[in-house]
Amino acid sequence: MIEITGAVIGWLGAFTGIFTSVFYFRRAKKAEVHSKEIATEDQMIELVKKANREALEINRKENEKLRRSISRLEQAVRAINSCNYRNECPVIHELRRQEDPDIIQ
């Protein structure tokens, strides 16, 4: 009887040990996978931030080009008033027509 009890207790101990080790192994794997997911999410966030910074820089450069072009255009339009040929200038006529669409030329 003692031998049977010892064998049963031994098997229960072995089963408990295996169950515990499998449980801790799965728990460790989940923690490892979770830490990799966090690292992957962080990497993804950094990639998105980098892409946004690059897109923002491209947009800033384009905006600067547009500002310069508009500035040059404004200077040209202001210079029309001092032009010797302003009476026959097609640009002035077009600008006046756009300001007042009722004018027929």
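The notes below deal with the structure included here. Along each chain, the written sequence defines residue order, and numbers are assigned to residues from 1. Where totals are concerned, whole chains, interfaces and linings use all residues; where local detail is concerned, this predicted model gives features only for residues with pLDDT of at least 70, and gives and counts side-chain atom pairs only at 80 or more. The basis for every side-chain value is the complete set of heavy atoms in the structure, and neither hydrogens nor water enter the calculation.

Considering the overall build of the chain
Right, on to step 1. When you go through the chain residue by residue, the secondary structure sums to 2 helices and 0 strands.
Right, on to step 2. Within the chain, the proportion of its 105 residues that are buried is 3%.
Right, on to step 3. Only the protein chains shown count as cover for residues, and the accessible areas themselves come from Shrake-Rupley with a 1.4 Å probe. Entry remark: accessible area of the chain is about 10,000 Å², with carbon and sulfur atoms responsible for 61%. In this text, helices come from DSSP runs of H or I with a minimum length of four residues, and strands from runs of E with a minimum of two, each type numbered from the N-terminal end. Under the scheme applied here, a residue whose accessible area is under 20% of the maximum for its type counts as buried, over 50% as exposed, and between as partly exposed, the area being computed with a 1.4 Å probe on protein chains only.

Quick look at a nonpolar patch on the surface
Right, on to step 1. On the surface, F15, F19, F23 and Y24 cluster together to form a nonpolar patch covering roughly 490 Å² of accessible area.
Right, on to step 2. Assessed through its relative accessible area of 47%, Y24 is described here as partly exposed. To count toward a patch, a residue needs a relative accessible area above 30% and no salt bridge. Like charges then connect within 9 Å, nonpolar side chains (Val, Leu, Ile, Met, Phe, Trp, Tyr) within 5 Å. Each reported salt bridge corresponds to a side-chain nitrogen of Lys or Arg within 4 Å of a carboxyl oxygen of Asp or Glu.

Regarding the pattern of salt bridges
Right, on to step 1. Evaluated as defined, the whole model comprises 3 salt bridges.
Right, on to step 2. One connected set of salt bridges, linked through shared partners, spans E64, R67 and R68.

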